[in-house]
Amino acid sequence: MLRRPARAACAVLATAALGLTALQGTAGATSPTPAPVAVARAAASAAPENLGVASAAPALIEALQRDLGLTAGQARTRIAAEARAGALAGALAQALGGWAGSWLEGPDAAPAVATTRAADLAVIRAAGARPVLVDRPLAALDGALAALDRAAGRDAAGRADALAAPVRYVDVAANTVVVQATDRAAAERLVAGAGVDRAAVRVETVAEAPRPLYDLRGGDAYYIDSSSRCSIGFPITRGTTQGFVSAGHCGRAGSSTTGANRVAQGSFQASVFPGNDMSWVATNSSWTATPYVNSASGAVTGSVLQQVGASVCRSGSTTGWHCGTIQQHNTSVTYAEGTVSGVTRTNVCAEPGDSGGSFISGTQAQGVTSGGTGNCSQGGTTYFQPVNPILQGYGLTLKTDGQGPGPGPGPGPGNPGGTWAAGTVYQAGATVTYGSTSYRCLQGHQAQVGWEPPNAPALWQAV
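Description of the structure in this document.

Conventions we followed
- Residues numbered from 1 in each chain as written.
- Predicted model: local features only at pLDDT ≥ 70, side-chain atom pairs only at ≥ 80, totals over all residues.
- Heavy atoms only, no water.
- Helix = DSSP H or I, 4+ residues; strand = E, 2+ residues; numbered from the N terminus.
- Buried < 20%, exposed > 50% of the residue type's maximum accessible area, 1.4 Å probe, protein only.
- Contact = heavy atoms within 4.5 Å.
- Areas by Shrake-Rupley, 256 points an atom, 1.4 Å probe, with all protein chains shown as cover.
- Pairing = 2+ DSSP bridges.
- Axes fitted to C-alpha atoms, helices over the stretch in contact; angles between N-to-C directions.
- Disulfide = S-S within 2.5 Å.
- Polar contact = N/O pair within 3.5 Å; in protein donor to acceptor, adjacent residues only side chain to side chain.
- Arc of directions from axis to C-beta.

Helix and strand content of the chain: 8 helices and 26 strands. Going through the 463 residues of the chain one by one, you find that 59% of them count as buried. Pairs at least 24 residues apart make up 65% of the contacts formed inside the chain by residues separated by at least 6 positions. As presented, the chain carries roughly 16200 Å² of accessible surface, and 52% of it is formed by carbon and sulfur atoms.

Spelled out as structure tokens, the structure:
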């Protein structure tokens, strides 16, 4: 689906995947928190208001109705349930000694939480989630995935096998690592070369390999060097500079951009592809960053990454709004140009030209479209680069509605002191101080005014 011109080859910047499993908690956490059931329930109760669920865009609600077969009321109910479940899982991740991940089940987005310790089951059940006892902690599965990625890039033979086994991810619900391959023998060689426990890996044979989504077409878009087209991800600011984030394969640093109206817009400031698939564009003074996606009424209120099973919608300049669910986080995909790690796998469809476009869950920015298989006539699989690592890596601030989505009165007069700071991307498990109190992060997000720790119990737990 991508025929990327040679001049658009992206500059490669070596960066680590930054907390791309944040909402699955800190793997292997062993220190129990006080009253874990009460903490989890309180965080879940506060989540819909904390995360601005009521302001979900009408266009997003309509797309959920069409793609998931929901009524408008069911769509809003599901978004609220997903917000509650994410906060609950974030709290349990800090309390359980055998943490093995979490996900959502069924049309009601019921939370399920996995652990390797039988002693954790009663805590999970009392908190309101379905407990699942498994053999492997999440940290072990993440380690196996990392070993597979290293084997994929180790030598020419490894890269060849990776192209024939291009998708690798942790399936938390199955407690295994999945390798999807067009050639099963190549997948088996890759697994053997990685030296991982074969019993922890499931090989699946698939018909086609993913490719970046990119094309030339008019519409709600931006153009690179007056020719190639991609889709805007999310508007951002960096100090007084305004701009947006998008996919790295869309352009390299220095490439110029024009808007859908063909008016001069800006230029790429940085770009990574492969490795990751992320970039950002600084725009000129004619363009203003807004908190909206695709001119829909209803604003983005934050960047809390949702968990496996949550609904997610994509907006792109070729196919508009389409929805589905999050399948797996921390997925590795080998394109012809190289391996991209830390992307999220979804069953949302996409087509050429949608690359770089917005993925959003409720009112929370999730990421930018990378690539995939299939189309929006027959369905497909699409991967997105999570937005929080882009914000953190480039020092960007997501443009939100600025109305202080937390339920409290907002910050008091003056600065209470501490290490918490608006604009910082916090991963689950991070600790900060605010005033004289210490807090632990429950769900990965970019901090903003109105989400101070005492005002956002869905995101922060006092310790």
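The next thing to look at is the environment of Val348. Of note, Val348 is situated in the loop between β17 (338-346) and β18 (358-361). In sequence terms Val348 and Gly372 are 24 residues apart; their C-alpha atoms lie 9.4 Å from each other. Excluding anything up to four places from it in sequence, Val348 contacts Val312, Arg314, His322, Cys323, Gly324, Thr325, Phe359, Gly380, Thr381 and Thr382.

What follows concerns the sheet that holds strand β26 (residues 460-462). Think of a sheet as strands paired side by side through backbone hydrogen bonds, with each pair either parallel or antiparallel. Sheet architecture is open: 3 strands sit in the order β23-β24-β26, paired in antiparallel fashion. Across the chains shown, the open sheet's two edge strands, defined by having one partner strand only, are β23 (431-434) and β26. Neighbour-to-neighbour, the strand axes of the sheet open up by a mean angle of 35°, direction not taken into account. Where strand β24 (residues 437-441) meets β26, 3 bridges bridge the pair, whose relative direction is antiparallel. Residue pairing across strands places Arg440 opposite Gln461, the latter belonging to β26.

On inspection of all chains with the given rule, the structure shows 3 disulfides. A disulfide bridge connects Cys230 with Cys250, and the sulfur atoms are separated by 2.0 Å. Between Cys230 and Cys250, the S-S dihedral sits near -90°, and the bridge is therefore left-handed. A residue pair is termed long-range when its members are at least 10 positions apart, and Cys230 in strand β9 (residues 228-230) and Cys250 in the loop between β11 (241-246) and β12 (256-259) qualify at 20 residues. The partner cysteine of Cys349 in its disulfide is Cys376, sulfur to sulfur 2.1 Å. Measuring handedness by torsion sign, the sulfur bridge of Cys349 and Cys376 sits at about 100° and is right-handed. Of this pair, Cys349 sits in the loop between β17 and β18 while Cys376 sits in the loop between β19 (364-375) and β20 (379-386), and the two are 27 residues apart along the sequence. By sequence order of its bonded cysteines, the chain has the disulfide arrangement 1-2, 3-4, 5-6.

Before going further, it helps to spend a moment on the pairing of strand β5 (residues 176-181). When you tally the buried positions in β5, you get 6 out of 6 residues, the bulk of the element. The two faces of β5 match: Thr176, Val178 and Gln180 on one face and Val177, Val179 and Ala181 on the other face are all buried. Where strand β4 (residues 167-171) lies against β5, 5 bridges are found, and the strand directions are antiparallel. Across the sheet, Tyr169 pairs through a bridge with Val178, a residue of β5. Where β4 folds back on β5, the antiparallel hairpin that results is connected by 4 residues, among which Asn175 adopts a positive phi of roughly 55°. In terms of strand pairing, β5 meets strand β6 (residues 201-205) through 5 bridges, oriented parallel. Of the residues in β6, the one forming a bridge with Val179 is Val203.

Right, let's get into unusual backbone geometry. Residue Pro274 follows Phe273 across a cis peptide bond; omega there is -5°. Tracing the chain through its elements places Pro274 in the loop between β13 (264-272) and β14 (278-283). A positive phi angle is found at Ala109, which is not glycine, with a value near 55°. Along the chain, Ala109 turns up in the loop between β1 (99-105) and β2 (110-115). For Asp225, which is not glycine, the phi dihedral falls at a positive 50°. Note on placement: Asp225 falls in the loop between β8 (222-224) and β9.

Time to look at the side chain of Gln446. Relative to the helices and strands, Gln446 resides in strand β25 (residues 445-446). By relative accessible area, Gln446 is classed as buried at 4%. From its side chain, Gln446 meets the backbone oxygen of Leu396 in a polar contact 2.7 Å long. A polar contact is formed between the side chain of Gln446 and the backbone nitrogen of Leu398, at a distance of 2.9 Å. Not counting chain neighbours up to four residues away, the residues in contact with Gln446 comprise Ser303, Asn388, Leu391, Leu396, Thr397, Leu398, Gly423, Thr424, Val425 and Trp451.

By the burial criterion, the buried members of helix α7 (residues 184-194) are Ala186, Ala187, Leu190, Val191 and Ala194. Buried residues along α7 cover an arc of 135° about the axis, so they all sit on one side. In this fold, the buried residues of α7 make contact with α5 (138-152), α6 (156-164), β4, β5 and β6. For α7, the side-chain oxygen to backbone nitrogen distance between the N-cap and Ala185 is 3.0 Å, and the N-cap itself is Asp183. Positive phi appears at Gly195, one or two residues downstream of α7, with a value of about 70°.

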